Structure formats: C-alpha cells, structure tokens
Amino acid sequence: MKILFISSEVAPFSKTGGLGDVAGALPAALASLGHDVKVVTPRYRGLRDAARLTPTGQSLVVRFPSGEASGPILSARLSDNLEVLFLENAFFYGNRDGLYGDGAGEFGDNPRRFAYLSVGALQAAQRLGFVPDIVHANDWQTGLVPVALQRAFRATALGRAKSVFTIHNLAYQGQFPKDTMGDLGLPWDLFTAEGGLEFYDAVNFLKGGLVFSDALTTVSPTYAREIQTAEQGYGLDGLLRRRAHRLHGILNGIDAHEWDPQTDSFLPARYGPRSLEGKAVCKRDLLARFGLPPGDAPVFAIVSRLAWQKGMDLLLDVLPTALQADIRFVGVGSGERHLEEGLAALQARFPEQVSIRVGFDPGLSHQVEAGADFFLMPSRYEPCGLNQMYSLRYGTVPIVRATGGLADTVEGGLDGNGILFEAFHPAALLGAIRRALALYADAPRLDEFRRRGMDKDFSWTVSARRYESLFRELLAE
Ligand code: ADP
Ligand code: GLC
C-alpha cells in the first residue's frame, strides 16, 4: 500500500509530546512491513537535525482569500525505506520558535498554519507523483486533511484514497472563531453542526477529521471507550458514538531501538533484564546529575508536560506527605507556569530530597527513566501514554492512575509489573506510593516486578499490523 502520513510533529526532528514519538516510529514500522510510506510535516525553524534536509526541487501554493501562501518541499530519510517531507514557509514556520505557541500563548495564525499543512501535504504528494491508497492524519492540526480530500481533491487522483484519522488527544480540538471559515476560504456549507465543522458557533478542526474520515482510530482500547462518554467526550462523544462502528482503539508501541537500556547511549551504564547491575550505576549518576546526596532511598520520578491532563496538581498535593518518608523525587517537565512554580517551591522546601529541571530535555528523560526506581503518572486522563512503557522497559516500576492507555499497559496486583490506583484523589495516590515503598523494602519481589516489566514486548510491530489490517479493510470496501 502507498500511505501518506501527516503529522504536526515527527521525532527526532520536532517533538512536544507523544505525537512526535508516534509519527517518528509508526510510519517506519509500516515501511518495514513492505509499504511505501511518506510522512509530511512542517519545516519549523528550530528543527533538530535540519542539516539532513535536502530540496526536492518542488514547491507548493495554497490559495487563501487574502492571497497565496507558498514554499518549497524539502526531504530527509528517516530510515532506508522512509522519506519525510517538510513543508517550508517563512511566514508560518520559519519566523518563530515553538510549534504551536510561545510564552504569550497559542499563535494567532494557527488556523492558517495548519490549513497550510493539511492542504499542502496533499499537494506535496501530487507534486511528487505519490498517489496514496491511504491518507493517515493525526490530531486537530491535520483535521482539515479528510475534509480537503473529500472536497478540493475529490476529482483528482488523490480523491480515491481512503482517509484514517487518529485521535491522540480529544481535549485539544483546534477551535477557532467563526470568521476563520472566511479567512481560510472554507465553503460555508461546511459550517453545520450535523456533518460539518461547526461546534457551538465556532470552527472545530478536530471535528472535521472525525466527520470526514473513512475510519477513526485512537491510541488505546480503553480510551476508545472513554471518549464515547459524556465525562470524557469533550462535547464530541455523541458524534463518536454515532461513528463507533468506524472507531478503533489501537495501542501505541514504543521505538524499541531508541528506548533500549542495553544500548542507550545517553546512559552512564547499560543493563538488561538479566543484568540489572548497570541500573544501580544509572541511579547513582542520576542523583549526582540532579545534585542530590547519594544513598539507597527510593527515587520517584516524573518526565512530563506540566498540564492539567497529567494530574501534577494531585501529585503536588500529596508529595509533602510522601516526603516525610526517606524518599527522593526528581522531575523534568515544562508547561503551565503554576505547576512549574509548584515544583520549584517543593524543591525549595525539601532541598535534600527533591530536585526539578524545568525544560524539555530528551537525553535527561532517558537518564531519568533508567535511574529512577518508580515513575509517577497520576493522569486525569491518558489516551495512551508512552512513558509508562519506557519505564517498564527500563525496569522502573510505573505508578499510574488506571485510565486510558495506562490501564491497558500496566499490570497491577501482586504478580504484576506496576502499581495502579483508581480514584483521582490524594488518598488513592498516597496509598499507591505506600504500596511502592512496601515493594521497595522487598528486594526479591521488586526484582521480579522489574523483570516482568522489562520482558514485555511493546514494540511497534504488533500495532503496525493492526493499522495494516484496518487499511486493507478500508481498501476492500
Ligand atoms: P503526551 O504526549 O501526552 O505528552 P506521552 O507519554 O505520550 O504523553 O509522551 C510524552 C513524550 O514526551 C515522551 O517521549 C516523554 O519522554 C517526552 N517528554 C515529555 N516532557 C518532556 C521533557 N520535559 N523533556 C523531555 N522529554 C519529555
Ligand atoms: C497524546 C496523549 C498521549 C499519547 C500521545 C501519543 O499526546 O496525551 O497519551 O501517548 O498522544 O499517541
């Protein structure tokens, strides 16, 4: 199959969260199954490895009512069999840092920036003579892809392609004022609640993806059920229930090469399930790196976007109590200012036990996964979550709230591989931390937990096959 995969971030080139990881790994897994896959993404100013990009000699033009936007198409190989195409545009991507916003908030021209990506990706395929069987779009930034495919591109060779839209996070919908319709030149007949982009008198990009695609997926089976409820549907649960027969929960995988403690070059020592000694070296190194005194106390950790979704407020609630025991807490994260400040205040109050790095640091995230004993994810909701899978692979016991993909990947109980709690409540999280302390005190049992986690296979191959069969079903329709 020829597959065109469109995403607003692609690791290692750009990443703010798990979407980048998925877009960097799933297309490669599909290519390894023998498919012809191309990925399309913006050429942001701050792109990592930008030196790898080469011109394709092609460019594109997207017409907005106020004028044309245009720019070249660049290319880089992510692996032997996978090409990533980058859309360059000086006004949308080249003139600023940040993918979606900066300290002052979301960029005001995001509707145009991502309309350019959505329409531009389809045009790029045309210009390069790539006629996809499947067009796979991801999250609100590419919500206009299935819309454009059914409308503007219908009469072209691309019009025969089947579209798949993956929801990585239903809470981020790309909602913009009504006049965005005119600004983007979208036909007004699309501005309807039933079968259109209208959502409470605003334009909703995500809804475009949900309504116009041939199939919908989300990143775990549990989240696929949760988003059909009023509590977690963010106003779109009715639509999702109506399209339930088209909605599939396919668990994310992890990039088993990038996240492998036996080969990870970010680590001071390497280790595997049968040789855990290196993990102790990583722990000593981690404490030193974070400026904490050495010692045997258990290390609890987070690596996270600091956002409401992630339950960091709950964690900040219980940590002062938890820190009465002899534990250490290290964290890497960035996001909402009050959470960054809350973590900084915790460090000021417990300087011998707590150390926080505010920022986005991929190398450090590997070192934390390896050096910590326990990894905390007290999420309010979690479509899939990747860090708990990285933790399991690194022999770090995850402590997670039983929601979304966390419930689908972490096994609780006496012979599980992690610690689960149900209620989004301080007592429940504190109870989970106490269970972790009991586990830590029982070294043989802790080792068994670690090994069971490390032995789990979360590689992309299984999930990529699920997407593959979904694509085949669509093409057979
Ligand atoms: P989400 O996409 O909701 O943020 P995921 O668990 O799916 O959650 O993916 C988060 C990804 O982003 C992981 O690869 C994680 O290591 C990474 N990440 C999050 N915050 C940071 C940070 N401050 N520094 C480095 N990596 C981070
Ligand atoms: C989103 C979700 C996260 C998921 C990631 C990749 O950012 O918040 O749970 O793992 O997308 O699908």
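Structural notes, computed from the coordinates. Everything numeric in this text was worked out from a predicted model, so none of it was measured.

## Observations regarding the sheet that holds strand S14 (residues 247–249)
Link 1 in the chain: The 9 strands are arranged S3-S4-S5-S2-S1-S8-S9-S13-S14 in an open sheet whose pairing can be described as mixed. At either end of the open sheet lies a strand with only one pairing partner, and these are strand S3 (54–64) and S14. When the angles between neighbouring strand axes are averaged without regard to direction, this sheet yields 25°.
Link 2 in the chain: Taken together, the 3 bridges between strand S13 (residues 215–218) and S14 define a ladder with parallel strand orientation. Across the sheet, residue Leu216 finds its bridge partner in S14, namely Leu247.
Link 3 in the chain: Running over the sheet, helix H16 (residues 460–476) touches strand S1 (2–6), strand S8 (134–138), strand S9 (162–167), S13 and S14 and is turned about 145° from S9.

## Quick word on the sheet that holds strand S10 (residues 175–177)
Link 1 in the chain: With antiparallel pairing, 3 strands are arranged side by side in an open sheet as S10-S12-S11. For this open sheet the edge positions go to S10 and strand S11 (198–199), each flanked by a neighbour on one side alone.
Link 2 in the chain: Two strands pair when backbone bridges link them, and S11 and strand S12 (residues 202–204) are joined in this way by 2 bridges, in the antiparallel orientation. Within the sheet, the bridge partner assigned to Phe199 lies in S12 and is Ala202.
Link 3 in the chain: Docked against the sheet, helix H5 (residues 205–212) engages S10, S11 and S12, running at close to 55° with respect to S12.

## Examining the site of ligand 2
Link 1 in the chain: Near ligand 2 lie 14 residues; those nearest to it are His168, Asn252, Glu382, Cys384 and Gly385.
Link 2 in the chain: The contact in question runs from an oxygen atom of ligand 2 to an N or O atom on the side chain of Asn252, over 2.8 Å.
Link 3 in the chain: Within the side chain of Gln309, one N or O atom sits 3.0 Å away from an oxygen atom of ligand 2.
Link 4 in the chain: In terms of residues, the shell around ligand 2 owes the most to one element, helix H1 (residues 18–32), which gives 3 residues.
Link 5 in the chain: By residue class, the composition of the shell around ligand 2 is 6 nonpolar, 6 polar and 2 charged.
Link 6 in the chain: Composition of the shell around ligand 2 by domain shows at least three residues from each of domain 1 (2–253 + 461–476) and domain 2 (277–457).

## Re the packing of helix H8 (residues 277–289) against helix H11 (residues 362–371)
Link 1 in the chain: Axis separation between H8 and H11 bottoms out at 8 Å; the angle between their running directions is 125°. Classified by the angle their axes make, H8 and H11 are oblique. In this structure, the crossing between H8 and H11 has a hand that is left-handed. Contacts between H8 and H11 involve Lys279, Cys282, Lys283, Leu286 and Arg289 from the first element and Leu364, Gln367, Val368, Glu369, Ala370 and Gly371 from the second.

## Concerning the site of ligand 1
Link 1 in the chain: Around ligand 1 lies a shell of 21 residues, among which Gly18, Asp21, Arg305, Lys310 and Gly359 are the nearest.
Link 2 in the chain: The backbone of Gly18 places a nitrogen or oxygen atom 2.6 Å from an oxygen atom of ligand 1.
Link 3 in the chain: A total of 560 Å² of accessible area belongs to ligand 1 in isolation, and the protein chains cover 94% of it.
Link 4 in the chain: For the shell around ligand 1, the secondary-structure elements that each account for two or more residues are H1, strand S15 (299–306), strand S16 (328–335), H11 and helix H12 (387–393).
Link 5 in the chain: Sort the elements by how many residues they give to the shell around ligand 1 and S15 lands first, with 3 residues.
Link 6 in the chain: Split by residue class, the shell around ligand 1 holds 6 nonpolar, 9 polar and 6 charged.
Link 7 in the chain: If you count residues domain by domain, the shell around ligand 1 takes at least three from each of domain 1 (2–253 + 461–476) and domain 2 (277–457).

## Quick word on helix H2 (residues 110–127)
Link 1 in the chain: For H2, with 18 residues, the first-to-last C-alpha span of 24 Å sits near the 26 Å given by 1.5 Å per residue.
Link 2 in the chain: The sharpest bend along H2 measures roughly 30° and falls at Gly120.
Link 3 in the chain: Summarising burial for H2: 14 of the 18 residues are buried, a large majority.

## Digging into the packing of aromatic side chains
Centre distance and the angle of the planes are the two values used to describe a pair of aromatic rings.
Link 1 in the chain: Applying the stated criterion across every chain, the model contains 20 aromatic pairs.
Link 2 in the chain: Ring geometry for Tyr223 against Tyr381: centres 6.4 Å apart, planes inclined by 15°, an arrangement best described as stacked. Here Tyr223, found in helix H6 (residues 221–226), pairs with Tyr381, found in the loop between strand S18 (374–377) and H12; they are 158 residues apart in sequence, far enough to count as distant. The residues Tyr223 and Tyr381 share a single accessibility class, namely buried.
Link 3 in the chain: Ring geometry for Tyr467 versus Phe471: centroids 6.2 Å apart, planes at 50°, classification tilted. Residue Tyr467 and its partner Phe471 are both found in helix H16; the two are separated by 4 residues, about one turn of the helix.

Calculation rules
Residues numbered from 1 in each chain as written. Chains lettered and ligands numbered in written order. Predicted model: local features only at pLDDT ≥ 70, side-chain atom pairs only at ≥ 80, totals over all residues. Heavy atoms only, no water. Pairing = 2+ DSSP bridges. Helix = DSSP H or I, 4+ residues; strand = E, 2+ residues; numbered from the N terminus. Axes fitted to C-alpha atoms, helices over the stretch in contact; angles between N-to-C directions. Contact = heavy atoms within 4.5 Å. Near = heavy atom within 4 Å. Polar contact = N/O pair within 3.5 Å; in protein donor to acceptor, adjacent residues only side chain to side chain. Nonpolar A, V, L, I, M, F, W, Y, C, P; charged D, E, K, R; others polar. Domains from an automatic or database assignment. Parallel < 35°, antiparallel > 145°, perpendicular 65-115°, else oblique. Left-handed = near helix turned anticlockwise from the far one by under 90°. Areas by Shrake-Rupley, 256 points an atom, 1.4 Å probe, with all protein chains shown as cover. Expected span 1.5 Å × (residues − 1). Bend = angle between axes of the 7 residues up to and from the residue. Buried < 20%, exposed > 50% of the residue type's maximum accessible area, 1.4 Å probe, protein only. Phe/Tyr/Trp six-rings, centres within 6.5 Å; stacked < 30°, edge-to-face > 60°.

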